Amino acid sequence: QVQLVESGGGLVQAGGSLRLSCAASGPIFSINVMGWYRQAPGKQRELVATITSGGSTNYADSVKGRFTISRDNAKKMVYLQMNRLKPEDTATYYCNAEIKSRSYYPITDYWGQGTQVTVSS
């Protein structure tokens, strides 16, 4: 019953900003790395950013300096602040987390359902 649910997507003009949120819920024992991925129609899913439980971050070159990933361990949430958005950022954004469930000992990847981000002009 572990679930990840994204929110915050929408339609914005180039140069604008959006903040995506992802909430983890269910029988969670611990959460290791969390991250954001995106996929545009006809393209492969690509990693956008990751963050460890200790706060160490990693970004794709295409978003460095514009996007910021953060997390709240107490709330079991991860965020993606997206600034100076470009049309090429248009994609479905997916939340990912490495989670150890109370009912399954090994660490397992979980995925959210995705949230649409569309950047015009």
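Since we're looking at a predicted model, the values are computed, not measured.

Novice: Just checking my understanding: could you explain the environment of R45 for this structure?
Specialist: Inspection of the secondary structure assignment puts R45 in the loop between strand 4 (28-39) and strand 5 (46-51). According to the relative accessible area criterion, R45 is partly exposed, its value standing at 34%. Excluding its chain neighbours within four sequence positions, the residues that come into contact with R45 are Y37, R38, Q39, Y94 and W111.

Novice: Would you mind going over the pairing of strand 4 with me for this structure?
Specialist: Across a regular strand the side chains alternate sides, sitting on one face of the sheet and then on the other. As defined by bridge partners, strand 4 adjoins strand 9 (residues 91-101) across nine bridges and the pair is classed as antiparallel. When the sheet's bridge partners are listed, R38 is paired in strand 9 with Y93. As defined by bridge partners, strand 4 adjoins strand 5 across five bridges and the pair is classed as antiparallel. Directly across from Y37, in strand 5, lies its bridge partner L47. Where strand 4 folds back onto strand 5 in an antiparallel hairpin, the turn is made up of six residues, including G42, whose phi is positive at roughly 80 degrees.

Novice: Can you walk me through the sheet that holds strand 1 (residues 3-7) in this structure?
Specialist: Strand pairing within a sheet occurs via backbone hydrogen bonds; the two strands may be parallel or antiparallel. Strand order across the open sheet formed by four strands is 1-3-8-7, with antiparallel pairing between neighbours. The open sheet has two edge strands, strand 1 and strand 7 (67-72), and neither has a second partner. The mean angle between the axes of side-by-side strands here comes to 15 degrees, regardless of whether they run parallel or antiparallel. Of the pairings in the sheet, the one linking strand 7 to strand 8 (residues 77-82) comprises six bridges and is antiparallel in character. Bridge pairing links R71 to V78 in strand 8.

Criteria and thresholds
Residues numbered from 1 in each chain as written. Predicted model: local features only at pLDDT ≥ 70, side-chain atom pairs only at ≥ 80, totals over all residues. Heavy atoms only, no water. Helix = DSSP H or I, 4+ residues; strand = E, 2+ residues; numbered from the N terminus. Buried < 20%, exposed > 50% of the residue type's maximum accessible area, 1.4 Å probe, protein only. Contact = heavy atoms within 4.5 Å. Pairing = 2+ DSSP bridges. Axes fitted to C-alpha atoms, helices over the stretch in contact; angles between N-to-C directions.

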